[in-house]
Amino acid sequence: MSKLLSVVVSVYNEEPGLRDFYSEATAVLRALPASWDYELVFVNDGSSDDSGRLLRGLAREDRRVRLVEFSRNFGHEAAMIAGIDYADGDGIVCMDADLQHPPELLPEIVEKFEAGCQVISMVRVRNKSAGLLKNVTSSAFYKLINRLSDVKFEPNASDFFAVDRQAAEVLRRNYREKVRFLRGYVQSIGFAKTTLSYEARPRVAGESKYSLRKLFRFSVNTILCFSDLPLKLGIYSGAVTALFGVLMVLYTIHTWAKYGAPSGYATIVVLISFMFAMLFVIVGIIGEYIAILFAELKDRPVYIVKDTVNMEKGGGTAQESGRGSGSLAAEEVPYKKIKNL
Ligand code: UDP
Ligand code: MG
């Protein structure tokens, strides 16, 4: 029996390069060994350009193109999660639509699956289009998170990864957190792991949707999700300042006994400012964790699906009409619509 390779592609305003991606990926996928069939699962993450229409067109022409459309922009990770949820493959590959993740690697990924690997992380050796700042901050981030967390992250692991059916099932069932780091989960679930290296190409068209500010927020969340060390900072700094306080008391008693009441306006001001600054930082850190707790508690959906195309197994209506039947299916099966099991 032939196996199925699902290629999950998150799309957000990628209209200019989407056709190139489709033709390049299809050419590579058609040349896969005969024992592997394929499907392309596009997730339209609330694009405001014509990406949606283009994808519908592709889905109409090619039944191997399947489409999930979000009701609004939910972010790259939510799109990948949805893609994994909807993919039927024995092997699932997540990649970007901008051709920065080279489709030529797909045959190698299939070989790794054949060899029994279950989690394949693609490691970027060089990112041609990212500036020096992005490369330096990215490597600093991985150093930090590896120090803080028990999970060991592959530096430069990208959003380009592949999981087999069993590993994908774990992601579907057990990793539904609202504040998350999908790449991190992929590396922390275990299974037979391997890595492949690739050189990131420049974007085929359009520009990166990740600003430095977004990346910073992302990094902070990741640290908070994978480490509770920041929470313990309060205890550590409390212990250190308590020790410091004892020394100050001894010093004050000593100077008082020797020279009378010590004068120390400057010392007091400096100490108070320092202590308050530290206190507020710690309160802030606790606040960040509470914000995460709050987000998890509210339990809002990771993504909301507006429509799907070519998603019904065995049904022909979706291919013919190109739209419509997908949303019907979503209504019949509400959990598919707001998948947040
Ligand atoms: N993307 C998405 N939702 C978003 C932002 C980005 O689905 O809110 C997709 C985007 O279309 C692309 C991939 O995620 O396929 C990676 O985005 P981008 O190329 O902007 O990131 P970079 O490669 O610069 O890190
Ligand atoms: Mg990119």
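Described below are features of the structure shown in this document. (Residues numbered from 1 in each chain as written. Chains lettered and ligands numbered in written order. Predicted model: local features only at pLDDT ≥ 70, side-chain atom pairs only at ≥ 80, totals over all residues. Heavy atoms only, no water.)

1. A closer look at the side chain of S51
Here is step 1: Within the secondary structure layout, S51 lies in helix α2 (residues 51-61).
Here is step 2: The exposure class of S51 is buried, given its relative accessible area of 0%.
Here is step 3: At a separation of 2.6 Å, a polar atom in the side chain of S51 contacts the side chain of D49. (Helix = DSSP H or I, 4+ residues; strand = E, 2+ residues; numbered from the N terminus. Buried < 20%, exposed > 50% of the residue type's maximum accessible area, 1.4 Å probe, protein only. Polar contact = N/O pair within 3.5 Å; in protein donor to acceptor, adjacent residues only side chain to side chain.)

2. Digging into the environment of T195
Here is step 1: One can find T195 in strand β7 (residues 193-200).
Here is step 2: Sequence separation between T195 and C117 is 78 residues, and the spatial gap between their C-alpha atoms is 9.7 Å.
Here is step 3: Other than its neighbours up to four places away in sequence, T195 contacts S121, V123 and E154. (Contact = heavy atoms within 4.5 Å.)

3. Brief notes about the coordination of the magnesium ion (ligand 2)
Here is step 1: Binding of the magnesium ion (ligand 2) to the protein goes through D98 (OD) and Q100 (OE1), at separations of 1.9 Å.
Here is step 2: Accessibility expressed as a relative area gives 3% for D98, which makes it buried.
Here is step 3: Classification of Q100 as buried rests on a relative accessible area of 14%. (Donors = N, O, S within 2.8 Å, 3.2 Å for Na, K, Ca; no water.)

4. As for the site of ligand 1
Here is step 1: Surveying the vicinity of ligand 1 reveals 17 residues, the closest of which are E14, D45, D98, S208 and K209.
Here is step 2: Between an oxygen atom of ligand 1 and a main-chain N or O atom of A97, the distance comes to 2.9 Å.
Here is step 3: Surface burial for ligand 1 is 90%, taken as the share of its 530 Å² of free accessible area covered by protein chains.
Here is step 4: Among the residues making up the shell around ligand 1, the classes are represented as four nonpolar, six polar and seven charged. (Near = heavy atom within 4 Å. Areas by Shrake-Rupley, 256 points an atom, 1.4 Å probe, with all protein chains shown as cover. Nonpolar A, V, L, I, M, F, W, Y, C, P; charged D, E, K, R; others polar.)

5. Here we look at the packing of aromatic side chains
Here is step 1: This structure, assessed with the given rule, holds seven aromatic pairs.
Here is step 2: Taking the centre distance of 6.1 Å and the plane angle of 80 degrees together, the rings of F21 and F42 count as edge-to-face. Taken as a pair, F21 in helix α1 (residues 15-30) and F42 in strand β2 (residues 36-44) lie far apart in primary sequence, 21 residues in all.
Here is step 3: Under the relative-accessibility criterion, F42 is labelled buried at 0%. (Phe/Tyr/Trp six-rings, centres within 6.5 Å; stacked < 30°, edge-to-face > 60°.)

6. Notes on a nonpolar patch on the surface
Here is step 1: Residues I268, I272, F276, L279, F280 and V283 make up a contiguous nonpolar surface patch of roughly 620 Å² in combined accessible area.
Here is step 2: As for its placement among the helices and strands, I268 is situated in helix α10 (residues 265-298). (Patch = residues over 30% accessible without salt bridge, like charges linked within 9 Å, V, L, I, M, F, W, Y side chains within 5 Å. Salt bridge = Lys/Arg side-chain N within 4 Å of Asp/Glu carboxyl O.)

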